[in-house]
Amino acid sequence: MTNILEQFKLDEKVAIVTGGAMGLGKAMATALAQAGSNIVIADINKEIADETAKEISDNENVEAIAIKVDVTNPEDVNQMVEAVVKQFKKIDILVNNAGMTINAKAEEMSFEDWNKVINLNLNGIFLVAQSVGRVMIKQGYGSIINTSSMSGLIANKPQEQCSYNASKAGVIMLTKSLAMEWSKYNIKVNTIAPGYMKTELTKPFFDQGGEMIKDWMGFTPMGRPGTPNELGGIVVYLASDASSFAQGSVFTIDGGYTAL
Ligand SMILES: NC(=O)c1ccc[n+]([C@@H]2O[C@H](COP(=O)([O-])OP(=O)(O)OC[C@H]3O[C@@H](n4cnc5c(N)ncnc54)[C@H](O)[C@@H]3O)[C@@H](O)[C@H]2O)c1
């Protein structure tokens, strides 16, 4: 058995991070690169994805590239995966992370908005997992890490976000289903369920404070939001050999929110 610190190393690996241009995806891509993995930032926003890939390749000793992809479009997804295999010859790790939310009361939400959230958060995760999974099945190895949310386990308050919660619960069951089906191909499939995180997008809300933030932090035993780099440890663990017996599991990283 290799030394435990050796098991965490990702040298020469190839990782795709969808929605990796910013926020949690960028932080997870950076952590994987720091552990030695080459990185593909697969994002719909090519301009910011290019900047992120450059930042990673400038600062870490790995190759990092950006590919434009809309994860809700099956052709786009397949082309992105083909481009990665053409350039790197393999895919070791997929961080299936692109997601969004629309807050609306269930009785008022338009069907269009409902579909937008389900389409990106659930259909998008399935399409990328399927396309990358086909490559990993041929290779006979791989690790897929889907980003769900604690919202897949609890219904948040006070904000109304039924489509988001339902989509993230779907990601958890999709993760378990893929783990069931793909264990025999030596593919790990797990999911990370973050709690409230302070990203560039949510920072203004936290800085402003108010009733909603009081509620959020009141229900978080640690009393603070997480920072994106606090997902670095779990993503490197799940991507690496250190997690060789972790399969179909949900890893909550939420300051204790779901422990209440
Ligand atoms: N921020 C939080 O507090 C939090 C908590 C729990 C879970 N999450 C989940 O983490 C993931 C990342 O969240 P974030 O806060 O970093 O989001 P973000 O909005 O900061 O980043 C999302 C990224 O996804 C990309 N993207 C959007 N639509 C896309 C598409 N169709 N195809 C490809 N890329 C697309 C965006 O360009 C962006 O780079 C999401 O799945 C989110 O639901 C976030």
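In this numbering scheme, every chain counts its residues from 1 along its sequence in written order. The predicted nature of this model means local features are confined to residues of pLDDT at least 70 and side-chain atom pairs, given and counted, to a pLDDT of 80 or more, with totals for whole chains, interfaces and linings taken over all residues. With hydrogens and water set aside, each side-chain value is computed from the structure's full complement of heavy atoms.

### Some details on the pairing of strand E6 (residues 187–194)
Burial classification: accessible surface area is computed with a 1.4 Å probe over protein chains only, and a residue below 20% of its type maximum counts as buried, one above 50% as exposed, and the rest as partly exposed. The way it works is that DSSP assigns letters per residue, a run of H or I at least four long becomes a helix, a run of E at least two long becomes a strand, and they are numbered from the N terminus. Most of E6 is tucked away, with eight of its eight residues classed as buried. Here E6 shows two buried faces, one formed by Ile 187, Val 189, Thr 191 and Ala 193 and the other by Lys 188, Asn 190, Ile 192 and Pro 194. Here strand E5 (residues 142–147) pairs with E6 via six bridges, running parallel. Bridging from a neighbouring strand, Asn 146 pairs with Thr 191 of E6. Here four bridges tie E6 to strand E7 (residues 250–253), and the two strands are oriented parallel to one another. Looking at the pairing, Ile 192 lines up with Phe 251 of E7. At least two bridges found by DSSP between two strands are what make those strands a pair.

### Points about helix H4 (residues 74–88)
Helix span, expected: 1.5 Å multiplied by one less than the number of residues in the helix. Compared with the 21 Å implied by 1.5 Å per residue over 15 residues, the 21 Å span of H4 between its first and last C-alpha is a close match. The complete set of buried residues in H4 reads Val 77, Met 80, Val 81, Val 84 and Phe 88. The arc that holds every buried residue of H4, seen down its axis, measures 95 degrees, which confines them to one face. Across from the buried face of H4, at angles greater than 90 degrees, the exposed residues are Glu 75, Glu 82 and Lys 86. Whether two residues are in contact is decided by their heavy atoms, any of which lying within 4.5 Å being enough. Along its buried surface, H4 packs onto strand E1 (14–18), strand E2 (38–43), strand E3 (64–68) and helix H5 (111–139). Any N or O atom pair separated by 3.5 Å or less is treated as a polar contact, with the protein-specific requirement of one donor-capable and one acceptor-capable atom, and with residues adjacent in sequence counted only for side-chain atom pairs. The N-terminus of H4 is capped by Asn 73, whose side-chain oxygen sits 2.9 Å from the backbone nitrogen of Glu 75. Remark: Lys 89 follows H4 within two positions and exhibits a positive phi of approximately 75 degrees. Directions are taken from the helix axis to each C-beta atom, and the arc is the one they span.

### A closer look at the pattern of salt bridges
One speaks of a salt bridge when a side-chain nitrogen belonging to Lys or Arg is within 4 Å of a carboxyl oxygen belonging to Asp or Glu. For the structure shown, the criterion picks out 11 salt bridges. Here Lys 203 makes a salt bridge to Asp 207, at a shortest N to O gap of 2.8 Å. Of this pair, Lys 203 and Asp 207 both sit in helix H7 (residues 203–208), four residues apart, roughly one helical turn. Taking relative accessible area as the criterion, Lys 203 reaches 41% and is therefore assigned partly exposed. Within the structure, one salt-bridge network assembled from shared partners comprises Lys 198, Lys 203 and Asp 207.

### Some remarks on the environment of Ser 131
On the secondary structure map, Ser 131 appears in helix H5. Take Ser 131: its relative accessible area is 6%, and that puts it in the buried class. In this structure the C-alpha to C-alpha distance between Ser 131 and Asn 78, which are 53 residues apart in sequence, comes to 6.1 Å. Setting aside residues up to four positions removed in sequence, Ser 131 forms contacts with Val 77, Asn 78 and Val 81.

### Quick look at the pairing of E3
Among the five residues that make up E3, four are buried, leaving the element largely enclosed by the rest of the structure. Bridge analysis of E2 against E3 gives five bridges, and the strand direction is parallel. Note on E3: the bridge partner recorded for Ile 41 is Ala 66. Regarding topology, helix H3 (residues 46–59) serves as the crossover connection from E2 to the parallel E3, and that connection is right-handed. Handedness is read with the strands pointing away from the viewer; a crossover is right-handed when the path from the first strand over the helix to the second is clockwise.

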